[in-house]
Amino acid sequence: MMDTTALTTEMVLGIPLFDEAHAALAEQIHMLLDGPDHDFDANLAGLVECLEDDFRLEEQLMEAIDYPATRSHREQHARVLATLHGLAPGDIVNGRKVAALILPWFQVHLATADTTLAIALQIAGRAQGKPAGQDVPAARLTPRRRPAAVN
């Protein structure tokens, strides 16, 4: 069975900006799925914030290189955020069902839309003599709260 809460080597794109954000996202999902019920709403808010930061960064990069697939890529981001924003506060059962679907969706999104964007960024960077993604300042994306250590 596939572990749907871990960042796999196939999910690493080789652009540190993306890879750090994607690792933080995987950790946020893990905290949401496995964290205590009393932390659920806070962990959900952390996941939404992490996704919003990651998506904003990707969209800034797309705009910076005049990326031709910006509209469809943004629409994918918007659908995920709309689903998360549509969850009722305290609806832990449905919230965990949605969260369990996000990483598999993300794996497909990363393998298709984000990989294509990474290639476009690398090409644009080479054309300008810069490493991919270096012209847009990166927000350090880290999980909002780390899970308590288990003794």
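Residues numbered from 1 in each chain as written. Predicted model: local features only at pLDDT ≥ 70, side-chain atom pairs only at ≥ 80, totals over all residues. Heavy atoms only, no water.

K.L.:
Just checking my understanding: could you explain the overall build of the protein chain for this structure?
P.N.:
In terms of regular secondary structure, the protein chain is built from four helices and zero strands. In sequence order, the protein chain lays out its α and β elements as α-α-α-α. Relative to its 151 residues, the protein chain shows a buried fraction of 42%. Sequence separation of at least 24 residues holds for 76% of the intrachain contacts in the protein chain that already meet a minimum separation of 6. For the protein chain, the accessible area works out to roughly 8,200 Å², and carbon and sulfur atoms hold 57% of it. (Helix = DSSP H or I, 4+ residues; strand = E, 2+ residues; numbered from the N terminus. Buried < 20%, exposed > 50% of the residue type's maximum accessible area, 1.4 Å probe, protein only. Contact = heavy atoms within 4.5 Å. Areas by Shrake-Rupley, 256 points an atom, 1.4 Å probe, with all protein chains shown as cover.)

K.L.:
Please explain helix 2 (residues 40-64) as it appears in this structure.
P.N.:
Since there are 3.6 residues in each turn of an α-helix, residues three or four apart along the chain are aligned in direction. With 25 residues, helix 2 extends 36 Å from end C-alpha to end C-alpha; this agrees with the ideal 36 Å at 1.5 Å per step. Taken from the residues just after helix 2, Asp66 is the one with a positive phi, measuring 55°. (Expected span 1.5 Å × (residues − 1).)

K.L.:
Whenever I open this one, the pattern of salt bridges confuses me. Can you help?
P.N.:
Close approach of charged atoms allows side chains with opposite charge to pair. Scanning all chains against the criterion turns up five salt bridges. One salt bridge in this structure joins Arg74 and Glu63, with 2.1 Å as the shortest N-O distance. Residue Arg74 is found in helix 3 (residues 70-85), and its partner Glu63 is found in helix 2; the two are separated by eleven residues along the sequence. We classify Glu63 as exposed; its relative accessible area is 51%. A single network of salt bridges, built from pairs that share partners, joins Glu59, Glu63 and Arg74. (Salt bridge = Lys/Arg side-chain N within 4 Å of Asp/Glu carboxyl O.)

K.L.:
Where do I start with the environment of Val80 in this structure?
P.N.:
Considering the arrangement of structural elements, one finds Val80 in helix 3. Exposure remark for Val80: the relative accessible area of 11% places this residue in the buried category. Note: C-alpha distance between Val80 and Ile102 (22 residues apart in sequence) is 7.9 Å. In this structure, Val80 is in contact with Leu51, Phe55 and Trp105, ignoring residues within four places of it in sequence.

K.L.:
I tried to follow the packing of aromatic side chains on my own but got confused; where do I start?
P.N.:
Aromatic ring pairs are described here by two measures, namely the spacing of the ring centres and the angle between the planes. Counted under the stated rule, the structure contains two aromatic pairs. Ring centres of Phe55 and Trp105 lie 6.4 Å apart, and the angle between their planes is 75°; this geometry places the pair in the edge-to-face category. Highlighted residues: Phe55 in helix 2 and Trp105 in helix 4 (residues 92-128), separated in sequence by 50 residues. Here Trp105 falls in the partly exposed class, since its relative accessible area comes to 25%. Measuring from ring centre to ring centre gives 6.3 Å for Trp105 and Phe106, while their planes differ by 40°; the resulting arrangement is tilted. By relative accessible area, which is 0% here, Phe106 ends up buried. Here the aromatic residues Phe55, Trp105 and Phe106 are joined through ring pairs into a cluster of three or more. (Phe/Tyr/Trp six-rings, centres within 6.5 Å; stacked < 30°, edge-to-face > 60°.)

K.L.:
Hey, could you run me through unusual backbone geometry in this one?
P.N.:
Glycine aside, residues mostly have negative phi angles, and peptide bonds mostly take the trans form. The phi torsion at Asp66 lies on the positive side, around 55°, for a residue other than glycine. Along the chain, Asp66 falls in the loop between helix 2 and helix 3.

By themselves, these are just geometric observations and shouldn't be taken as functional.
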